[in-house]
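Residues per chain are reported as follows:
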2 protein chains.
Amino acid sequence: MAETKKDDHTVLVGGKPFMNYVTGVVMQFTTQNAAEVVIKARGKFISRAVDIAEVTTKRFLENTVSTKDIKIDSEEFENKEGKQVRVSTVEITLGKD
Amino acid sequence: MAETKKDDHTVLVGGKPFMNYVTGVVMQFTTQNAAEVVIKARGKFISRAVDIAEVTTKRFLENTVSTKDIKIDSEEFENKEGKQVRVSTVEITLGKD
């Protein structure tokens, strides 16, 4: 199952099977009755976060849940070689219609 | 120089070197005096589109240009094997502050 923080209804996207994340999001809306779920991702996983949002809102919870907000940002940090590196982040908020 | 139509100021992200896209966006704001530039991408290039937006707004045109709008969507089409396939898309609108 995808990583979920039950309290704030967040799904952090990583390298697990795609449907784990979709199921995680759908379950939060259905069995946990969340009003909003935030899909978060960094770097190369940003494309996946968009796929998860699209499959959730266009296929599994069509006419029930839609994308309410999308924020992009970036974090700078020092990598192992001491070099300054920037990684982009995304937060996609899905909400009940 | 006069501002040209918004539609002309679009950058479609693909597999070219990263800085080509950043330079393309920056040049549209600077030498072409665009008010807005739209960065479009599909599938795995969505993460890159976010990187391009972040590097443009946080490094090259900080305090001048920022992200104004982000839209996600998806297109369904039939692949070579006749199977229905969905691909996600993104449109990131950058604009002068």
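Because the structure is a prediction, the values reported are computed rather than measured. (Residues numbered from 1 in each chain as written. Chains lettered and ligands numbered in written order. Predicted model: local features only at pLDDT ≥ 70, side-chain atom pairs only at ≥ 80, totals over all residues. Heavy atoms only, no water.)

Draft legend 1. Molecular detail of the relation of the copies chain A and chain B. The two copies are related by a screw operation: chain A maps onto chain B through 180° of rotation and 0.0 Å of translation along the axis, at an RMSD of 0.2 Å. Here the copies are linked by what is in effect a two-fold axis. In terms of C-alpha distance to the rotation axis, chain A has S47 of chain A as its closest residue, with the C-alpha 2.6 Å off the axis. In this assembly, 100% of the residues forming the interface of chain A have copies in chain B that are likewise at the interface, indicating an isologous arrangement. (Least-squares fit on C-alpha atoms with pLDDT ≥ 70 in both. Contact = heavy atoms within 4.5 Å.)

Draft legend 2. Representation of the sheet that holds strand β1 (residues 10-12) of chain B in the model. All names here are of chain B. Taken together, four strands build an open sheet; the order of strands is β1-β2-β4-β3 and the sheet is mixed. Two strands bound the open sheet, and with one partner strand each, they are β1 and β3 (65-78). Strand after strand, the sheet turns through a mean of 20° between neighbouring axes, direction not considered. Judged from the 13 bridges that link them, β3 and strand β4 (residues 84-96) form a sheet pairing that is antiparallel. From the neighbouring strand, T67 faces β4, where its bridge partner is L94. (Pairing = 2+ DSSP bridges. Helix = DSSP H or I, 4+ residues; strand = E, 2+ residues; numbered from the N terminus. Axes fitted to C-alpha atoms, helices over the stretch in contact; angles between N-to-C directions.)

Draft legend 3. Spotlight on helix α1 (residues 18-30) of chain B. All names here are of chain B. If you check α1, its first and last C-alpha atoms are 19 Å apart, about what 13 residues at 1.5 Å a residue would give, namely 18 Å. Residues Y21, V22, V25, V26, Q28 and F29 constitute the buried set of α1. Looking down the long axis of α1, one finds its buried residues gathered within 160° of arc, a one-sided arrangement. Contacts made by the buried residues of α1 are with β1, β2 (36-42), α2 (46-60), β3 and β4. (Expected span 1.5 Å × (residues − 1). Buried < 20%, exposed > 50% of the residue type's maximum accessible area, 1.4 Å probe, protein only. Arc of directions from axis to C-beta.)

Draft legend 4. Region of the structure containing the pattern of salt bridges. Inspection of every chain in the model, using the stated rule, returns 14 salt bridges over all chains. Of the charged contacts, one joins K58 of chain A and D73 of chain B as a salt bridge, the two residues approaching to 2.8 Å between their closest N and O atoms. Taken together, the residues K58 of chain A in helix α2 (residues 46-60) and D73 of chain B in strand β3 connect one chain to another. Note that E76 of chain B is salt-bridged to R86 of chain B, the shortest N-O span being 3.8 Å. (Salt bridge = Lys/Arg side-chain N within 4 Å of Asp/Glu carboxyl O.)

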